Amino acid sequence: MGKEMRDHIIGPMPVEEFLDEFLLNPSNHDPSDFTSASNAEINGIQPFTPQLSFVNTSNHANTKNCSLFTFNIKLDVCVYTDGTSHGCDISKFKLNIEFKWNDADNAFSKDVDKPIVSQTEKGFDTLGQITSYTSAQLGAQYQLPEMCGVDTSVLHASTEDATLARTALNLPAATPMFKLAVPEDPAVEDSIWLTLIIPQPVGCWTRTCPAFDILNQKVVMFKDFWRMSIKDVLPEVRNVAKCIAFHDVIHPIPQKNTQTAKFASAKWSHPNKPIKIKVITLHTLHRLVLDVVGEKLTDFASSHQLVWSICDALIAYQDAYETTKILHQDLSVGNGTWQFMSAHLVKNSTAIHVVEDDLEWSLYIILWTAFMYKESYMSIVDWTQFIMQVFDADPLVGSGGSTKLDWLVTRTYFLQDIFVSSKPLDNVVLELVQFFSHRYSTIPLDEQESLAHLWLSLKDALDEGGFMQESPVYKKEMQVLHLHDHVIKIYNKHLESSDWPDQDTAALQKLHLSKKASGCHMYTKSLCISQDPTPVLDPEDSDDILSSMVSLDDLVSLTQ
């Protein structure tokens, strides 16, 4: 995670500028006191923040809010505003402080003439650590007057509205409900505002949930997230839910809006890359409402529905790419996991993400979901090994699926039928595997040269579709030209089959019990099996882990 974050860090910001921008700087204290850092160091900070309490939590991991994390949240110092005097609670602290006593562990360079981020492996580890802590904090904290942060646009729902919403959303009577409003068109002065009742408060990262629309008395999908502040791009995209209300939420306190981009050009910024290579983009809090509430991909009613859903998504990706050159770059069952990355990106962490990678991810989404939720002909041991070796993070290098590329070419484990009573699913998986394997086929140089000469001498014949169509070189060339169409054609051909089973609904498969980690966990790009301290869960507990996964995220969300 540290390496992923290095291009998004600037600094060091001069202490005096920081105090002037974000804190009240008492005139009777020297800003240099603020640079001192453990119990003795806290005394240097306290005069600047008399309303805060600094708690030594270095021996106290957070156990209340982090049950689904595969790493411990154990901060050195937690800073609270509510008088908390002991323990680590990521849902309440305002700031965390991490101490490192060895220069080799410093995430930041001391040389003012070099980029702010240290280029050492230990430095990247520290940057990844503090980034993980910050992500955990943002994920656990919400913005309401009585909670962490202040957002006056979100209120508690009235008893009447809350009761209506709980009934419509099928929620328990004790579920807290909140109220907010989103305009149908913010560009129209007298636009109608939809009043929504939601079962969770908003926070500092992306939150999506079904909501109850009071005006129209129906259930809709609500999303609260930070969008990139770039010129609006609104391509015509098929198979995407209709947006019925949206607006940017500008906080009345300027410091509550994102700040990094604001200071990216400052003399002291020292970014990891030259400022002319724009990496840091301003983000704006945005809310939108969709007219359709989708289901989790892992709740498919049939294998045909699973494959059909992925095909429809690919059509939307094709429209977005061909209209605006937008790539999603993170197709997954959850969000940002190694399991679904192309073999090329797994093997080449610095490679540029291209359209072929997005398309290859579609294969792994189907394959992983089918293996986790459909019965296969594999033994439990072979099934577990396949998940661990092809999908999960390699415990030695920390990156996903170390054998994915080899498997894609050799198709080990796929020597006969794969899924029980689902031959059409076998067929579409096998054809996709064969198709994407061409990307990794090695073609001898002498064959490339001879075929190139034939290409030039027989160009007219080739244009009409000659014998060269069976050549590996020709196939590789053609795949690059029409990748979306070709892949979607494969899906459609198999979806038209009449042999699909009707009611092979998703059913979580039993795992091979072992003291070693197995394929049941969803690892982010920054985590690997060796970092997971927990034993393999009992099959009955596996659904709890997987229940936290969401369906495919918005079809168009990231740019190149």
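The following paragraphs examine the structure supplied in this document. (Residues numbered from 1 in each chain as written. Predicted model: local features only at pLDDT ≥ 70, side-chain atom pairs only at ≥ 80, totals over all residues. Heavy atoms only, no water.)

What follows concerns the pairing of strand E7 (residues 207-213). Counting buried residues along E7, 5 of its 7 residues qualify, which places the element largely inside the surrounding structure. Where strand E6 (residues 193-198) meets E7, 2 bridges bridge the pair, whose relative direction is antiparallel. Residue pairing for E7: Leu 196 is matched across the bridge by Asp 213. In this sheet, strand E8 (residues 218-228) lies alongside E7 in antiparallel orientation, the contact comprising 7 bridges. From the neighbouring strand, Cys 209 faces E8, where its bridge partner is Phe 222. Linking two consecutive strands that pair antiparallel, namely E7 and E8, is a turn of 4 residues; a positive phi of about 55° is found at Gln 217 within it. (Buried < 20%, exposed > 50% of the residue type's maximum accessible area, 1.4 Å probe, protein only. Helix = DSSP H or I, 4+ residues; strand = E, 2+ residues; numbered from the N terminus. Pairing = 2+ DSSP bridges.)

Once that is clear, we can look at the environment of Lys 374. With respect to the element layout, Lys 374 can be found in the loop between helix H8 (355-373) and helix H9 (380-391). For Lys 374, a relative accessible area of 6% corresponds to the buried category. Considered as a pair, Lys 374 and Ser 302 are 72 residues apart in the sequence and their alpha carbons are 9.7 Å apart. Setting aside residues up to four positions removed in sequence, Lys 374 forms contacts with Phe 300, Ser 303, Thr 369, Phe 419, Val 420, Ser 422, Leu 425, Asp 504, Ala 507 and Gln 509. Among the polar contacts made by the side chain of Lys 374, one reaches the side chain of Asp 504 at a distance of 3.0 Å. (Contact = heavy atoms within 4.5 Å. Polar contact = N/O pair within 3.5 Å; in protein donor to acceptor, adjacent residues only side chain to side chain.)

Paired through backbone hydrogen bonds, the strands of a sheet run either parallel or antiparallel to each other. In space, the 3 strands of this open sheet follow the order E1-E2-E3, with antiparallel pairing throughout. The open sheet is flanked by strand E1 (53-56) and strand E3 (95-97), the only strands paired with a single partner. With direction set aside, neighbouring strand axes in the sheet form an average angle of 25°. Here E1 runs beside strand E2 (residues 77-80); their pairing, made up of 4 bridges, is antiparallel. Bridge assignment links Phe 54 to a residue of E2, and that residue is Val 79. (Axes fitted to C-alpha atoms, helices over the stretch in contact; angles between N-to-C directions.)

These figures capture arrangement, not role.
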